[in-house]
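A structural walkthrough
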Amino acid sequence: MPCKNCKEKPVIQLPNNPRKLCKTHFIRYFEKKALYTIKKFSLIAKNDKIIIALSGGKDSTSLLYLMNELSKKTRLFLLEAILIDEGIKGYRDKTKKDALAFCKKANIKLNIFSYKQEFGMTLDQMIRRIPQKPCTICGVFRRYLLNKYSRKLGFNKLATGHNLDDEAQSILMNQFRRNNAASARLGPITGMLESKSFIKRIKPFYLLTEKETAAYSFLKGFPITFTECPYALQGYRWDVRIWLNNIESKYPGTKHSIITSFLETLPLLKAHYKASAKLNSCTTCKEPTSKNICQACVLLKELKHV
Ligand code: SF4
């Protein structure tokens, strides 16, 4: 069967949909959906200063490309990229190279910060010191650095390449762990409290699946090494991802249903948890935290005392 919109050979069948599209119409569909997401959830405002969290992988590279095109076309907002180098041998060094090559070609300023430079050791070294899982340590420090340096560089929004699959996994992980407060912080635009110290995160790929972002980056020919982090298999997210993919292949549309029903309940969740949400300043590093000492400082103390 040819493309739904022309006679060209199709390259993809849309998820949860019998339609097949050729390269040109898929790229058009993908970009339109990202723009629709930006408009529907009011992710961008005039004069925003947006920094893109770039890993060098398919999602963030596609996002940076799209946002850069949009910024040039509309002149609505300013844009740069930020990359956090955790120090994962054989993985981040490769994706960092891809990110540098992409930004150089597109003439986008790339700001790089590393665990080694900031905390004195790489993630590879950290996981040999304390028993926590790599993704737990990695997530805490990455969020910390992204927020700290996005703010210090003068940006008011941080755009991430999170897609529909990532969000569906996070929703389920929070459900399985009975952590509704964490789910209240999810959504296409994160955060519950307005604060200059906490940079809002936006997710323009919120309604696009992992399969779609992979196809888009491949068809656009972005210089990407399709590689997985060696620690990914040890994370809880990995098991949820495999499980959810199995359910999706048996019951197509499951992931979309999770997102649609979550969006219906999200305003209630936010309203419920907003009342008890606190934003303090960490007594050690002064970064924003809901506690007295932020998670990064707690982990760092542990790492330095072994
Ligand atoms: Fe970090 Fe885990 Fe992602 Fe690897 S898979 S980059 S350890 S969060």
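Look up a bit, the structure's there.
Reading the values: rules and limits
- Residues numbered from 1 in each chain as written.
- Predicted model: local features only at pLDDT ≥ 70, side-chain atom pairs only at ≥ 80, totals over all residues.
- Heavy atoms only, no water.
- Axes fitted to C-alpha atoms, helices over the stretch in contact; angles between N-to-C directions.
- Helix = DSSP H or I, 4+ residues; strand = E, 2+ residues; numbered from the N terminus.
- Parallel < 35°, antiparallel > 145°, perpendicular 65-115°, else oblique.
- Left-handed = near helix turned anticlockwise from the far one by under 90°.
- Contact = heavy atoms within 4.5 Å.
- Salt bridge = Lys/Arg side-chain N within 4 Å of Asp/Glu carboxyl O.
- Buried < 20%, exposed > 50% of the residue type's maximum accessible area, 1.4 Å probe, protein only.
- Nonpolar A, V, L, I, M, F, W, Y, C, P; charged D, E, K, R; others polar.
- Core = buried A, V, L, I, M, F, W, Y, C linked by side-chain atoms within 4.5 Å.
- 1 Å grid on protein atoms, 1.4 Å probe; cavity = no way out; pocket = protein on both sides within 12 Å on 5 of 7 lines; lining within 4 Å.
- Points joined across faces, edges and corners; volume = space filled by probe spheres on them.
- Phe/Tyr/Trp six-rings, centres within 6.5 Å; stacked < 30°, edge-to-face > 60°.
- Pairing = 2+ DSSP bridges.
- Right-handed = clockwise from strand over helix to strand, strands pointing away.
- Polar contact = N/O pair within 3.5 Å; in protein donor to acceptor, adjacent residues only side chain to side chain.
- Expected span 1.5 Å × (residues − 1).
- Arc of directions from axis to C-beta.

As a further point, take the packing of helix α1 (residues 23-40) against helix α9 (residues 210-219). To describe two helices that pack against each other, one gives the angle between their axes and the distance between the axes. Look at α1 against α9: their axes get within 10 Å of each other, and the N-to-C directions meet at 125°. Considering their axes alone, α1 and α9 lie oblique with respect to each other. In terms of crossing hand, the pair formed by α1 and α9 is left-handed. Residues K23, F26, I27, Y29, F30 and E31 of α1 form the contact with α9, whose own contacting residues are E212, T213, A215, Y216 and L219.

This paragraph deals with the pattern of salt bridges. A full pass over the atoms with the stated rule returns 13 salt bridges. Residues E86 and R142 are paired through a salt bridge, measuring 3.4 Å at the closest nitrogen-oxygen approach. Separated by 56 residues along the polypeptide, E86 in the loop between β4 (78-85) and α3 (92-106) and R142 in helix α6 (residues 134-152) bring together distant segments of the chain. Classification of E86 as buried rests on a relative accessible area of 1%.

Direction vectors running N to C along helix α7 (residues 164-176) and helix α10 (residues 236-250) enclose 110°, while the axes themselves pass 10 Å from each other. Between α7 and α10, the crossing angle belongs to the class labelled roughly perpendicular. Once α7 is placed against α10, the crossing between them reads as right-handed. Of the residues in α10, those in contact with D165, D166, A168, Q169, S170, L172, M173 and F176 of α7 are Y236, R237, V240, R241, W243, L244 and N245. Residues of the contact of α7 with α10, tallied by class, amount to 8 nonpolar, 3 polar and 4 charged.

Our next topic: the nonpolar core. Counting 57 residues, the largest nonpolar core has F26, F30, I44, I50, I52, L64 and M67 as its most contacted members. Ranked by residue count, the leading element in this core is α1, at 6 residues. Residue contacts for I44: discarding those within four places in its chain leaves I38, I50, M67, L70, F77, K157 and I202. Among the nonpolar cores identified, the runner-up in size contains 35 residues, and I51, Y115, F155 and L303 belong to it.

All right, on to empty space enclosed by the protein then. If you walk through the whole model with that rule in mind, you get 1 cavity of 30 Å³ or more. Space inside the largest cavity adds up to approximately 50 Å³. As for the largest cavity, its lining consists of A34, L35, I38, L63, L66, M67, L70, P204 and F205. Residue assignment for the lining of the largest cavity shows that the elements contributing at least two residues are α1 and α2 (58-74).

The full count for this structure, using the stated rule, is 14 aromatic pairs. Summarising the aromatic geometry, the rings of F113 and Y149 are spaced 3.9 Å apart at their centres and angled 10° between planes, so their arrangement reads as stacked. Placement of the pair is F113 in strand β5 (residues 110-114) and Y149 in helix α6, with a sequence separation of 36 residues. Judged by its relative accessible area of 13%, F113 falls in the buried class.

Of all the 8 residues making up β4, 7 are buried; the element is thus mostly covered by neighbouring parts of the structure. In the sheet, strand β3 (residues 49-53) pairs with β4 via 5 bridges, with the strands oriented parallel. Its bridge partner being in β4, I51 is matched across the sheet by E80. The parallel pair β4 and β5 is bridged by α3, and the resulting crossover is right-handed.

The backbone of S42 sits at a positive phi, close to 50°, despite the residue not being glycine. Along the chain, the position of S42 falls in the loop between α1 and β3. Phi is positive for N107, which is not a glycine, with a value near 60°. Secondary-structure assignment places N107 in the loop between α3 and β5.

Summarising the element assignment, T289 is placed in strand β9 (residues 288-289). Reaching out from T289, the side chain makes a polar contact with the backbone nitrogen of K291 at a distance of 3.1 Å. If we skip the residues at most four places from it in the chain, T289 touches K278, L279, N280, S281, C282 and C294.

This part is about the environment of S290. One can find S290 in the loop between β9 and α12 (295-304). Not counting chain neighbours up to four residues away, the residues in contact with S290 comprise K278 and N280.

The next subject is α3. Since the α-helix advances by 3.6 residues per turn, residues separated by three or four positions end up pointing in the same direction. Here α3 spans 21 Å end to end across 15 residues, near enough to the 21 Å set by a 1.5 Å rise per residue. Residues R92, T95, D98, A99, F102 and C103 constitute the buried set of α3. The arc enclosing the buried residues of α3, seen along the axis, measures out at 125°, which places them on a common side. Along α3, the residues that are exposed and aim more than 90 degrees away from the buried face are K97, K104 and K105.

The quantities given are spatial measurements derived from coordinates; they are silent on function.
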